[in-house]
Amino acid sequence: MAAYKLLLLPGDGIGPEIMAEAEKLVAFLSAAGVASFETEKGLVGGAAYDAHGQAISESDMALAQSADAVLLAAVGGPKWDGVPYDVRPEAGLLRLRKDLGLFANLRPAICYPALVDASSLKPDLVDGLDIMIVRELTGGVYFGEPKEITDLGNGQKRGVDTQVYETYEIERIARVAFELARTRSNKVTSSEKANVMKSGLLWREVVTALHARDYSDVKLEHMLADALGMQLVRRPKQFDVIVTDNLFGDLLSDVASMLTGSLGMLPSASLGGADATGRRKALYEPCHGSAPDIAGKSLANPIAMIGSVVMALRYSFGLGAAADAVDKAIADVLAAGLRTADIAGPNDTPVSTSQMGDAIVAELKKILG
Ligand code: IPM
Ligand code: MG
C-alpha cells in the first residue's frame, strides 16, 4: 500500500481544534487501508512566533519541503497584532506558498443541498452551485517589489505595493484553469482590471493567446473583476471556473464562500508545478481564518478542514474514490440535520467541532462498509 508523508500545521485560534478532526479522518483512512499516512506536526503563525520568534522555523520549512502534502489549519489573531511585520503570523503562510512554489490555489464553492437556506442569497440562486475559483498565489501585489513605507521627511509617508505579473506566471495559472474546466463544464471566466491596470492588460492578452493556441475547445470569457464581484451575488450559477490574480482571487473567493452558507465550509488546495515524476508540491487549508473569537470553545465548523483532506486525496494521492466517499459522508451528515453553530438555523441545536468530526467519520465507516 502506498505510504504518504503528511505535515500537519495546526497554527492558531481554532486551528488546533479543526486539525484534530482532520487527524481523526486521516487515522481512520489509514486504519481502513485506503492508504497509509505518516503524520508529523509543526508550528506556523503565532504559535511558531511564540515558540521561536519566527512565523515558521527552518526545520518546519524543511519538513514542508519533504512532505507529500502539507495540511494547514489557520494562522493569526489579535494576540500578535504588535509583532514585527516580517514575523507576523501571515508571513509563515506566505513563505510556505512562495518557497514551495504553490502558484495555483483552487477554491471550490459548492452549495450542499442541505445548506441552501444558510446562504445569504435566495435558494434558487445557489441550489446546485458549483464554482471553482483558480487564484494565482505566488505573484501579484502580495509579493511584488518595491513593497515599503518610506518617510518623506515632511511629516508625510508613502506606502507602496507593486502589482506585477510576467507572461509565464499568467500562462501557467491559466493552463491550470483550462485543464480543470475540461473536467467540469468546460467554461473559464478570466478576471482582471484590464481597463485600469497594465498587468491586467497583459493578463488578458496572455490568457487569450494561450486559449487560441491550446484550449480553443474551452469556452473563454473575460470579465472585469468589479463586474465579476457583482455577477457572483447576482447570478452565481453562470460560472464554472474563474481564473484571477492573487488579490482579486482573495476577495472574490471570500464572496463566493458566503454563497455556500458559511466560510466554515470551504477547503482549498495550493499546488506547485509538476516535477519530472509528475508530482506536485501541495498545501491544503480551509479558506477561512483562525476565528480567535470562538477559539477553544469547540464551536468551529471542521468541514472546511476535513474538505481540505478530501482535496489532498484527490489532487495529491489520486484517491478519487475515497475523496468521493468522504464528500458523501459530509453531505449525508448535513442532510441528517447535523449543524455546527455557523450553519445552524433557529430550530437547530448546534453540535460541537468534535461531534461533527466524529459523525463524518462514523458515516464514512458505513459508506466504506
Ligand atoms: C487567504 C487569507 C490569506 C491571504 C491571509 C491570511 C494572508 O486571507 O488565504 O485567503 O490573504 O491570502
Ligand atoms: Mg482571504
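Here is what the cut-offs are and how they apply
- Residues numbered from 1 in each chain as written.
- Chains lettered and ligands numbered in written order.
- Predicted model: local features only at pLDDT ≥ 70, side-chain atom pairs only at ≥ 80, totals over all residues.
- Heavy atoms only, no water.
- Salt bridge = Lys/Arg side-chain N within 4 Å of Asp/Glu carboxyl O.
- Helix = DSSP H or I, 4+ residues; strand = E, 2+ residues; numbered from the N terminus.
- Buried < 20%, exposed > 50% of the residue type's maximum accessible area, 1.4 Å probe, protein only.
- Core = buried A, V, L, I, M, F, W, Y, C linked by side-chain atoms within 4.5 Å.
- Domains from an automatic or database assignment.
- Contact = heavy atoms within 4.5 Å.
- Expected span 1.5 Å × (residues − 1).
- Arc of directions from axis to C-beta.
- Polar contact = N/O pair within 3.5 Å; in protein donor to acceptor, adjacent residues only side chain to side chain.
- 1 Å grid on protein atoms, 1.4 Å probe; cavity = no way out; pocket = protein on both sides within 12 Å on 5 of 7 lines; lining within 4 Å.
- Points joined across faces, edges and corners; volume = space filled by probe spheres on them.
- Nonpolar A, V, L, I, M, F, W, Y, C, P; charged D, E, K, R; others polar.
- Near = heavy atom within 4 Å.
- Areas by Shrake-Rupley, 256 points an atom, 1.4 Å probe, with all protein chains shown as cover.
- Sits in = over half its atoms within 2 Å of the grid points.
- Pairing = 2+ DSSP bridges.

Attention now moves to the pattern of salt bridges. Side chains bearing opposite charge may pair, as long as their charged atoms lie close to each other. Under the defined criterion, the tally for this structure stands at 22 salt bridges. For Asp358, the salt bridge goes to Lys24, with nearest N and O atoms at 2.8 Å. Taken together, the residues Asp358 in helix H12 (residues 353-368) and Lys24 in helix H1 (residues 15-31) connect sequence positions 334 residues apart. Between Arg213 and Glu171 there is a salt bridge, and its shortest N-O distance comes to 3.5 Å. With Arg213 in helix H7 (residues 198-214) and Glu171 in helix H6 (residues 167-182), this residue pair connects regions lying 42 residues apart in the sequence. Exposure remark for Glu171: the relative accessible area of 23% places this residue in the partly exposed category. Residues participating in the shared-partner salt-bridge network are Glu21, Lys24 and Asp358.

This brings us to the nonpolar core. Counting 92 residues, the largest nonpolar core has Phe37, Leu106 and Val134 as the members making the most contacts within it. Split by domain, this core shows at least three residues from each of two domains, domain 1 (1-110 + 265-369) and domain 2 (120-260). When near neighbours in sequence (up to four residues on either side) are disregarded, Leu106 contacts Met132, Ile133, Val134, Val176, Leu180, Pro267, Ser268, Ala269, Leu271, Met311 and Tyr315. In this structure, Leu9, Val44, Ala67 and Val70 belong to the second largest nonpolar core, which totals 15 residues.

What follows is about helix H9 (residues 246-259). The end-to-end C-alpha separation of H9 is 20 Å, in line with the 20 Å expected for 14 residues at 1.5 Å each. Every buried residue belonging to H9 is among Asn246, Phe248, Gly249, Leu252, Ser253, Ala256, Ser257 and Leu259, and all of these are buried. Down the axis of H9, the buried set is contained in an arc of 155°. They therefore lie on one face. In this structure, the buried side of H9 is in contact with strand S4 (104-110), helix H5 (123-126), strand S5 (130-136), strand S8 (187-192), helix H8 (225-234) and strand S10 (241-244). Its side-chain oxygen 3.1 Å from the backbone nitrogen of Leu247, Asp245 forms the N-cap of H9. Phi turns positive one or two residues past the end of H9, at Gly261, with a value near 115°.

Within this model, the largest pocket holds a volume of roughly 820 Å³. Counting only elements with at least two residues in the lining of the largest pocket, the list comes to strand S3 (69-74), helix H4 (89-99), strand S6 (144-151), H9 and strand S12 (280-286). It is H4 that contributes the most residues to the lining of the largest pocket, seven residues altogether. Grouping the amino acids of the lining of the largest pocket by side-chain chemistry returns 16 nonpolar, four polar and 12 charged. When residues of the lining of the largest pocket are assigned to domains, at least three map to each of domain 1 (1-110 + 265-369) and domain 2 (120-260). In this model, the second largest pocket occupies a volume close to 470 Å³. Considering the residues around the second largest pocket, the lining is formed by 22 residues, among which Pro108, Ile110, Tyr112, Arg314 and Asp327 are closest to the centre. Elements represented by at least two residues in the lining of the second largest pocket include exactly S4, S5, helix H10 (303-315) and helix H11 (320-335). Broken down by element, the residue count for the lining of the second largest pocket peaks at six residues, all from H10. When the residues that make up the lining of the second largest pocket are grouped by side-chain class, the tally is 15 nonpolar, two polar and five charged.

Here we come to the site of ligand 1. Inspection of the region around ligand 1 gives Glu90, Arg97, Arg107, Arg135, Tyr142 and Asp250 as its neighbouring residues. Arg107 is positioned such that a nitrogen or oxygen atom in its side chain is 2.8 Å from an oxygen atom of ligand 1. A distance of 2.5 Å separates an oxygen atom of ligand 1 from a polar side-chain atom of Tyr142. Within the complex, the protein chains bury 76% of what would otherwise be the 320 Å² of accessible surface of ligand 1. In a pocket analysis with a 2 Å cut-off to the grid points, ligand 1 is assigned to the largest pocket. Looking at the shell around ligand 1, its residues break down into one nonpolar, no polar and five charged.

What follows covers the pairing of strand S9 (residues 219-224). For S8 and S9, the ladder comprises six bridges, and the chain directions are parallel. Bridge assignment links Ser191 to a residue of S9, and that residue is Met223.

On to unusual backbone geometry, then. A cis amide bond links Glu145 with the next residue in sequence, Pro146, at an omega value of 0°. Along the chain, the position of Pro146 falls in strand S6. The residue Asn186 is not glycine, and still its phi comes out positive at about 65°. Turning to its location among the elements, Asn186 is positioned in the loop between H6 and S8. At Ser298, a position not held by glycine, the phi torsion is positive, near 60°. Mapping Ser298 onto the fold places it in the loop between S12 and H10.

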